[in-house]
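For reference, the chains in residue letters:
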Amino acid sequence: MNIIKYSLIVFTGLSLFSCNTNRALSENDQAGVKNVIYMIGDGMGLAHVTAMMIEQKYEPCAFDRAEAVGLVKTFSANNRITDSAAAGTALATGNKTNNGMLGLTPGGDTIQSVLSRAGVFGKKTGIVVTCEIENATPAAFYAHVDNRSKSAEIALQLSHDSIDVLFGGGMKYFNGRDDGIDLVKNLKAKNYQVFDKWTDAIQVKNGKVAAFVAPGHLPYHDDGRGDFLPEATSKALEILTNDSQASGNKGFFMMVEGSQIDWASHGNQFSKLLHEVNDFEKSVKIAFDYADAHPGTLVVVTADHETGGLIMPSGNVDFTKSESGIDYKFGSVSHTGIMVPLFAYGKGAANFTGIFDNTDVPKIINKLLGL
Ligand SMILES: [Zn+2]
């Protein structure tokens, strides 16, 4: 085992596993987390979660079930306000990088993600998103490029990877490439079942599968996406569980992104935003329920940064009167520097109480996995 670890570090030149967080693991967590479901609400700040709670009249929701709650600092290597590429890289690899860069240090060294590392150690791996699979957050878990806009190169790198379950959009970078390479053919040669329709992909029960169900991004939930994200979360859990059981039972690492919370927030579109958070919360509930039914599963839910500067001021400054309504307002059309919430559930959740840097999160997950 030590030999394998040593060769990996040499191979990737990574600092994720050589640089420890100074946090000791609590409970009996030194070993025992078998499955990780890592969930990222892109642009989802505390106000986004609160707005959903208010609009659901404080009915209990998945976030209320969190067993541990933390706050996460999001700054990047070169900017107090991060973009999704640098934030994704921090959450995936435990390293700060410059805005726009994916899976590389600011100096250009390749950094391995916790998902890739889990795969090397025999865990099944999966990514579920509602954007193009080549977009910044998912790409941070497998790609290494100096500019997040290099979607064709990112797809090429994904086709060389061996992530077991891939659900999202972005088929055009596989089957409609300017360089003429047919990446769908390449995936099929690597035993992937490849789909461009969700109704076909949802029939799969096991085996490697890539479903890119839109040429580009999927539409907003409000614009016809339906329940793709919760359905894809369930389906990925089913496949990864089956495949793990069929091959040594080493568990899995899966990343799920609520990709479009960010876009609705950039657009200051409150209703769209609310429905994107609702959709993400349905997936969080599925993950928490899975953890209940499968001991040894850790679920970590957080965000890469806040978007929109969402606030919800009272409609009246006179609090002797009964409530006179809440205004949802945006302070920005961009990202903000406010800390984002983290909700943890299941095995090892207690390690996520406190204030963290975004780079701490994958380091703690890695320790809990014992990798
Ligand atoms: Zn954004």
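In the block above lies the structure referred to throughout.
This text gives an overview of the structure that appears in the document. (Residues numbered from 1 in each chain as written. Predicted model: local features only at pLDDT ≥ 70, side-chain atom pairs only at ≥ 80, totals over all residues. Heavy atoms only, no water.)

### Details of the environment of P313
Heads up, the condition is: Comment: elements are numbered from the N terminus, with helices defined as DSSP H or I runs of at least four residues and strands as E runs of at least two. Contacts were defined at the residue level, with two residues in contact if any of their heavy atoms lie within 4.5 Å.
Tracing the backbone through its elements, the reader meets P313 in the loop between β10 (310-311) and β11 (329-330). Setting aside anything within four residues of it in sequence, one finds P313 in contact with G325, I326, D327 and K329.

### Section: the coordination of the zinc ion
The cut-off we apply is this: Donor atoms (N, O, S) are those found within 2.8 Å of the metal centre, with the cutoff raised to 3.2 Å for Na, K and Ca; water is not part of the atom list, so apparent gaps in a site can occur. Sites are called tetrahedral only when four donors show all angles between 85 and 135 degrees, square planar or octahedral only when four or six donors show opposite pairs over 155 degrees and all other angles between 65 and 115, and irregular in any remaining case. Using a 1.4 Å probe on the protein chains alone, a residue whose accessible area is under 20% of its type maximum counts as buried, one over 50% counts as exposed, and one in between counts as partly exposed.
Donor atoms from the polypeptide that coordinate the zinc ion comprise D262 (OD), D262 (OD), H266 (NE2) and H335 (NE2), at 1.9 to 2.3 Å from the metal. Note that the zinc ion binds four donor atoms; their angles at the metal cover 56 to 162°, and the shape is irregular. Site description for the zinc ion: donor spacing in sequence, D-x3-H-x68-H. In this pair, H266 sits in helix α11 (residues 261-266) while H335 sits in strand β12 (residues 335-336), placing the two residues 69 residues apart along the sequence. On the basis of relative accessibility, which here comes to 13%, the residue H335 falls in the buried class.

### As for the sheet that holds strand β3 (residues 124-132)
Selection rule: Between any two strands, pairing holds if DSSP finds at least two bridges. Helix axes use the C-alpha atoms of the stretch in contact, all axes being lines fitted to C-alpha atoms, and the angles between their N-to-C directions lie in the range 0 to 180 degrees.
Taken together, ten strands build an open sheet; the order of strands is β5-β6-β4-β3-β7-β1-β8-β13-β2-β14 and the sheet is mixed. Among the strands making up the open sheet, the edge pair consists of β5 (193-195) and β14 (354-357). Each adjacent strand pair in this sheet contributes to an overall mean axis angle of 15°, direction not counted. Relative to strand β13 (residues 340-346), strand β8 (residues 297-303) is paired through four bridges, and the arrangement is antiparallel.

### Quick look at helix α3 (residues 84-93)
Just so we agree on the cut-off: Here a polar contact means two N or O atoms within 3.5 Å. Within protein one must be a hydrogen donor candidate and the other an acceptor candidate, and residues neighboring in sequence count only if both atoms are side-chain atoms.
Along α3, ten of the ten residues are buried, which leaves the element largely enclosed by surrounding structure. Turning to α3, its buried residues are S84, A85, A86, A87, G88, T89, A90, L91, A92 and T93. Sitting at the amino-terminal end of α3 is D83, which places a side-chain oxygen 3.3 Å from the backbone nitrogen of A85. Looking one or two residues beyond α3, the residue adopting positive phi is G94, at roughly 80°.

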